Amino acid sequence: GSGVPSPRDPGVVPTAGALRVIQDPDELQVTVGDTVTLGCRVEVTESEVQLRMEWVRDGGLGVLCATRLDFVSPPPLPPCPRRAQGIQLAWHPPRATLSLPQVQGNDSGRYICQVILEI
């Protein structure tokens, strides 16, 4: 080892260097009865990784949808729990799309796409 530190982006956690998640939109304003679509783009440096994706609603309401994804094969459907009525997750690497059909007024808020890299 030469002992020279490699330059790193200070905003990036070193262990998460292989993974980047870009969410759009971040905040959700809903109209009752609409179908809402949330997008989450996942960038990984290696395609042979296993990911665990969880969609969480802010405010302690738990996980809306959790599934394992990889960049090689499509996910087994349905990836979302049955209690999440009608919620659908589409995976077209590198983009995941969560659809919430016929939202209610209390569905507005912040939705978070969490991606965990499984080694």
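Provided above is the structure to which this section pertains.
No experiment lies behind these values; they were computed from the predicted model shown.

Counted by the stated rule, this structure contains six salt bridges. The partner of E54 in a salt bridge is R52, with the nearest N and O atoms 3.4 Å apart. Judged by relative accessible area, R52 falls into the partly exposed class, the value being 28%. Ionic contacts of the salt-bridge type, sharing partners, join the residues R52, E54, R68 and E118 into one network.

Another aspect to go through is unusual backbone geometry. Following P93, the chain continues into P94 via a peptide bond in cis, with omega recorded as 5°. Residues other than glycine seldom take positive phi values, yet Q102 does so here, at roughly 45°. For Q102, the position within the fold is in the loop between β7 (95–100) and β8 (109–118). Classification of Q102 as exposed rests on a relative accessible area of 58%.

Definitions and limits used
- Residues numbered from 1 in each chain as written.
- Predicted model: local features only at pLDDT ≥ 70, side-chain atom pairs only at ≥ 80, totals over all residues.
- Heavy atoms only, no water.
- Salt bridge = Lys/Arg side-chain N within 4 Å of Asp/Glu carboxyl O.
- Buried < 20%, exposed > 50% of the residue type's maximum accessible area, 1.4 Å probe, protein only.
- Helix = DSSP H or I, 4+ residues; strand = E, 2+ residues; numbered from the N terminus.

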